[in-house]
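Per-entry structural report
These are the residues of each chain, in order.
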Amino acid sequence: MSDNTLTTTDTKSAARVTAEAARRRTFAVISHPDAGKSTLTEALALHARVITEAGAIHGKAGRRSTVSDWMEMEKARGISITSTALQFPYRDCVINLLDTPGHADFSEDTYRVLTAVDAAVMLIDAAKGLEPQTLKLFQVCKHRGIPIITVINKWDRPGRHALELMDEIHERIGLRTTPLTWPVGIAGDFKGVMDRRKGHYIRFTRTAGGATAAPEEHIPADAAADAAGTDWETAVEESELLSMDGSDFDPDTFRTGESSPVLFTSAALNFGVNQLLDVLVELAPSPGPIVDVNGVPRPVESPFSAFVFKVQAGMDSSHRDRIAYARVCSGTFERGDVLTHAGTGKPFVTKYAQSVFGQQRSTLDDAWPGDVIGLANAAVLRPGDTLYRDVPVVYPPIPSFSPEYFSVARGTDPSKHKQFRKGIEQLDQEGVVQVLRSDRRGEQAPVFAAVGPMQFEVAQHRMATEIGSPIALESLPYQVARIVDPEDAEFMNKQVSAEVLTRSDGVMLVLFSTPWRLQGFQRDNPDIKLRSLVAAAEG
Ligand code: G4P
């Protein structure tokens, strides 16, 4: 039941909540691995003057590192598995940047993060254009109606023509591009950008190693030709072509996800990063009402509510605990508040609320709509759970992706039987893998289901190092899962190359060896209703 009336128990006035919400910009960067997401994240924080030298957040090899990666596996592979939430002030706003894992195997994690943002930055490598993971994540944003700001990165390196990249985006994903800046100088010879709305030239200057904020000069249009010569003239001509083509910024279609403002950057050289921050502040939406499970929007001024979009353990080897990340949807949060867990109706004490800066943590004292709170030691919280104060609300569950990989997990050390059970439950709750069981296989041989095989590696690594119960995984010959009604389960179990298992939330899944087997079964048994889970490619 939802009742969105404001109660007097709210200690902060509604006007203050409205104002704080209006200052928030909560977004994530979506990209294919290697497009420069980590570099851009660091550059954004640098420009916002949170850190004075790039490299203090992610600690990737070769960069300055103040904090270590939480998992050795992550280090060895050089990929970012964990999600971090980064908050920093810029101008009058508070920017919340939610990091997403780059590898496709963790797209389920990325999907969860995308449920918690109000906008996304689609980062594209100028030499590569649209890549598979970018496309997939774009589909998720489109499905959720998330406004997208497109950033063409690595313009300091030889790459494709800017107009050609605009055409590719339009033709392949139907997104109308409306460049806000236009490069002066081709890819590989980046001199600066034309500010298409104001008409002037922003000239960038390189700094040693791109480690500090790059100085920029704003040169009026009439002096720009002297400063940049034919490169400026080309930029002006191309910009005019874009205007004739209807490619000027349009706030309405941006907000509905039909058009996308475009910026050109070199994250490594810190070029164009200020422009991105300004666009986020000036054009990206602030948090608005979030629709609950009954389709009722809850205004930001309503009493506190939030939903958990991610649960993560072992971020730091010295803190072997678990953090549930929740996005604040309405009201104000103060550490120590007693909330209600919508799923169980039980009180939830928030003594351990934290904000998370990269992998460093600090105690969080208050939070507003759009902010992310990290709730430590929150064993009861799972992705999709709602927390509220005073006026009940339940936000829609976060759909699970349809798994495509299945493996039986068995403990290799029989004396660690208890740890094994506890560990499997923990991985399941965090959503590291989905855990399926059946009477036939028994408690000691649960089946892990995953969107990508690397999820298994993470689960196996964590069971061995963190939980202390090493496991062996035996892969199963299944590729597709469908939801099946309990009354059909027995019939399904008798089919060749199919098996029914139950997820921990009670949903029964039938696994098929191949999509063709599934099709054949459906053709032969049209009366049995099998339902799809959300496919990773659809989001
Ligand atoms: P990701 O998080 O999206 O996976 O990408 P990341 O930031 O790690 O960047 C991938 C590589 O691309 C890095 O090079 C990074 O330095 C480089 N890069 C990022 N942005 C730019 C840019 O604007 N211009 C150029 N020229 N390069 C860029 P690397 O060799 O893998 O690592 P590193 O030793 O340089 O850190």
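Residues numbered from 1 in each chain as written. Predicted model: local features only at pLDDT ≥ 70, side-chain atom pairs only at ≥ 80, totals over all residues. Heavy atoms only, no water.

Tallied over the entire structure, the rule returns 31 salt bridges. Taking the shortest distance from any N to any O, the salt bridge between R196 and D248 comes out at 2.7 Å. With R196 in the loop between β8 (192-195) and β9 (201-204) and D248 in the loop between α8 (230-244) and α9 (251-255), the pair connects residues that are 52 residues apart, well separated along the chain. Accessibility expressed as a relative area gives 36% for D248, which makes it partly exposed. Several salt bridges share partner residues, and in doing so they unite R16, E20, R23, R24 and D371 into one network. (Salt bridge = Lys/Arg side-chain N within 4 Å of Asp/Glu carboxyl O. Helix = DSSP H or I, 4+ residues; strand = E, 2+ residues; numbered from the N terminus. Buried < 20%, exposed > 50% of the residue type's maximum accessible area, 1.4 Å probe, protein only.)

Let's shift gears to the site of the ligand. In the neighbourhood of the ligand, 16 residues make up the surrounding shell, with D34, K37, S38, T39 and D156 lying closest. A distance of 3.4 Å separates an oxygen atom of the ligand from a polar atom in the backbone of A35. At a separation of 3.2 Å, an oxygen atom of the ligand approaches a polar side-chain atom of S266. For the ligand, the protein covers 69% of the area, taking 710 Å² as the surface of the free molecule. Ranked by residue count, the leading element in the shell around the ligand is helix α2 (residues 37-47), at three residues. Class assignment for the residues of the shell around the ligand results in four nonpolar, five polar and seven charged. (Near = heavy atom within 4 Å. Polar contact = N/O pair within 3.5 Å; in protein donor to acceptor, adjacent residues only side chain to side chain. Areas by Shrake-Rupley, 256 points an atom, 1.4 Å probe, with all protein chains shown as cover. Nonpolar A, V, L, I, M, F, W, Y, C, P; charged D, E, K, R; others polar.)

Looking now at the packing of helix α7 (residues 221-228) against α8. Where α7 contacts α8, the axes come no closer than 6 Å and their chain directions differ by 130 degrees. What the angle tells us is that α7 and α8 run oblique. Here A221, A224, A225 and A228 of α7 lie close against α8, whose contacting residues are T230, D231, W232 and E233. Here the residues of the contact of α7 with α8 sort into five nonpolar, one polar and two charged. (Axes fitted to C-alpha atoms, helices over the stretch in contact; angles between N-to-C directions. Parallel < 35°, antiparallel > 145°, perpendicular 65-115°, else oblique. Contact = heavy atoms within 4.5 Å.)

Right, let's talk about the sheet that holds strand β10 (residues 216-219) for a bit. If you trace the four strands from one edge of the open sheet to the other, you get β7-β8-β9-β10, paired in antiparallel fashion. The open sheet is flanked by β7 (181-184) and β10, the only strands paired with a single partner. Recorded for the sheet is a direction-independent mean angle of 25 degrees between the axes of neighbouring strands. Both β9 and β10 contribute to a ladder of four bridges, which runs antiparallel. Its bridge partner being in β10, R203 is matched across the sheet by E217. (Pairing = 2+ DSSP bridges.)

Quick look at the environment of L97 now. You can see L97 is positioned in strand β3 (residues 93-98). Judged by relative accessible area, L97 falls into the buried class, the value being 1%. In this structure, the C-alpha to C-alpha distance between L97 and Q87, residues ten residues apart in sequence, is 6.2 Å.

With that settled, the discussion passes to the UniProt feature "binding site: GTP" (unreviewed entry) in the protein. Sites flagged by UniProt as "binding site: GTP" (unreviewed entry) map to D99, T100, P101, G102 and H103. Relative accessible area serves as the criterion here: at 1%, T100 is assigned to the buried category. (UniProt positions renumbered as here; feature names shortened; annotations may be inferred.)

Turning to the packing of aromatic side chains, a few remarks are in order. For the structure on display, the rule yields 13 aromatic pairs. Aromatic side chains W155 and F264 sit 5.1 Å apart centroid to centroid with 75 degrees between the ring planes, which places their arrangement in the edge-to-face category. With W155 in the loop between β5 (148-153) and α6 (162-173) and F264 in strand β11 (residues 259-264), this pair connects stretches of sequence that are 109 residues apart. Note on accessibility: W155 and F264 belong to one class, buried. (Phe/Tyr/Trp six-rings, centres within 6.5 Å; stacked < 30°, edge-to-face > 60°.)

Turning to α2, a few remarks are in order. In terms of burial, α2 is a largely internal element, ten of the eleven residues being buried. Taken together, the buried positions of α2 are K37, S38, L40, T41, E42, A43, L44, A45, L46 and H47. Lining the buried residues of α2 we find β1 (24-31), β2 (85-90), β3, β4 (119-125) and α10 (273-283).

So, about the pairing of β8. Pairing geometry for β7 and β8, over four bridges, is antiparallel. Counted as the bridge partner of T181 is D195 from β8. In this sheet, β9 lies alongside β8 in antiparallel orientation, the contact comprising three bridges. Looking at β9, one finds that M194 is bridged to Y201. The turn joining β8 and β9, which pair antiparallel and follow one another in sequence, is formed by five residues; a positive phi near 85 degrees is taken by G199.

As a further point, take the nonpolar core. Soluble globular proteins tend to pack their nonpolar side chains together in the buried interior. Ranked by size, the top nonpolar core spans 62 residues in total, and within it L114, M122, I152, W155, F264 and F309 carry the most contacts. A domain split of this core shows at least three residues from each of domain 1 (23-283) and domain 2 (294-388). For F309, the residues in contact, after removing those within four places along its chain, are L98, R112, V113, T115, A116, Y325, A326, R327, V372, P383 and I398. Grouped together as the second largest cluster of nonpolar side chains are 31 residues, V121, V151, F254 and V279 included. (Core = buried A, V, L, I, M, F, W, Y, C linked by side-chain atoms within 4.5 Å. Domains from an automatic or database assignment.)

So, about the packing of helix α4 (residues 107-114) against helix α5 (residues 132-144). At a minimum axis distance of 11 Å, the contact between α4 and α5 shows a crossing angle of 30 degrees. Note that α4 runs across α5; the crossing there is right-handed. Two secondary-structure elements touch here, α4 through S107, T110, Y111 and L114 and α5 through K136, L137, V140, C141, H143 and R144. Among the residues making up the contact of α4 with α5, the classes are represented as five nonpolar, three polar and two charged. (Left-handed = near helix turned anticlockwise from the far one by under 90°.)

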